[in-house]
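# Secondary and tertiary structure notes
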Amino acid sequence: WKGCPALWAADRDPAGFAWLEGGRGEAGVFAFERRGAGQRVLALFQFGGRPLAWRCPAGMRLRPLFTADGGPAPAVQNGVLLLPAFGGWCWELH
């Protein structure tokens, strides 16, 4: 948390937060970007009961930061994240 200033540095600034996806029907995918102190972070949560593919916005390069369960981050293939059911992940954006 302390080593990831994008999650807290711009809490009072609307430019520090942007929704990327807010529920996608039955899939239950929520994604947002946090920005602050020169860092950008993608937070992604999948509440659906089945694995699914989520396409990253164009040009987004990801470096895994942490996962909700401490396991490995989902694989990225050709700009698509292969998300297992019921999980949460954070990546640093470049």
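The notes below deal with the structure included here. Please read all numbers here as calculations on a predicted model, not as lab measurements. (Residues numbered from 1 in each chain as written. Predicted model: local features only at pLDDT ≥ 70, side-chain atom pairs only at ≥ 80, totals over all residues. Heavy atoms only, no water.)

With that settled, consider the sheet that holds strand 6 (residues 76–77). Where strands meet in a sheet, backbone hydrogen bonds hold them as pairs that are either parallel or antiparallel. Spatial ordering of the open sheet is given by 4-7-6, a layout of three strands whose pairing is antiparallel. With partners counted over all chains shown, the strands left at the sheet margins are strand 4 (52–55) and strand 6, one partner each. Relative to strand 7 (residues 80–83), strand 4 is paired through four bridges, and the arrangement is antiparallel. From the neighbouring strand, Arg 55 faces strand 7, where its bridge partner is Val 80. (Pairing = 2+ DSSP bridges. Helix = DSSP H or I, 4+ residues; strand = E, 2+ residues; numbered from the N terminus.)

The phi dihedral of Asn 78 is positive, around 55°, even though this residue is not glycine. Mapped onto the fold, Asn 78 is located in the loop between strand 6 and strand 7. The phi dihedral of Phe 86 is positive, around 50°, even though this residue is not glycine. Mapped onto the elements of the fold, Phe 86 is located in the loop between strand 7 and strand 8 (87–93). A relative accessible area of 59% places Phe 86 in the exposed class. (Buried < 20%, exposed > 50% of the residue type's maximum accessible area, 1.4 Å probe, protein only.)

Counting across every chain of the model gives four salt bridges. Here Asp 11 and Arg 34 are joined by a salt bridge, their closest N and O atoms 2.6 Å apart. Of this pair, Asp 11 sits in the segment before strand 1 (17–22) while Arg 34 sits in strand 2 (residues 29–36), placing them 23 residues apart in sequence. Residue Arg 63 pairs with Glu 92 through a salt bridge whose shortest N-O separation is 2.5 Å. Here the residue Arg 63 occupies a position in strand 5 (residues 62–67), and Glu 92 occupies one in strand 8, the gap between them amounting to 29 residues. (Salt bridge = Lys/Arg side-chain N within 4 Å of Asp/Glu carboxyl O.)

With that settled, consider the packing of aromatic side chains. With the rule as written, the count across this model stands at eight aromatic pairs. Measuring from centroid to centroid gives 6.4 Å for Phe 45 and Phe 47, while their planes differ by 10°, and the two rings are stacked. Judged by relative accessible area, which is 27%, Phe 45 ranks as partly exposed. What links up through ring pairs into an aromatic cluster is the set Phe 17, Trp 19, Phe 30, Phe 32, Phe 45 and Phe 47. (Phe/Tyr/Trp six-rings, centres within 6.5 Å; stacked < 30°, edge-to-face > 60°.)

A few words on the nonpolar core. Side chains of nonpolar character tend, in soluble globular proteins, to be buried together. Grouped together as the largest cluster of nonpolar side chains are 14 residues, with contacts concentrated most on Leu 42, Leu 44, Trp 54, Leu 81 and Leu 83. Every element with two or more residues in this core is listed here: strand 2, strand 3 (39–46), strand 4, strand 7 and strand 8. Top contributing element to this core by residue count: strand 8, with three residues. Not counting residues up to four positions away in its chain, the partners in contact with Leu 81 are Leu 44, Leu 52, Ala 53, Trp 54, Cys 56, Leu 62, Pro 74, Ala 75, Val 76 and Trp 91. Membership of the second largest hydrophobic core comes to seven residues, among which are Ala 6, Phe 32, Ala 43 and Cys 90. (Core = buried A, V, L, I, M, F, W, Y, C linked by side-chain atoms within 4.5 Å. Contact = heavy atoms within 4.5 Å.)

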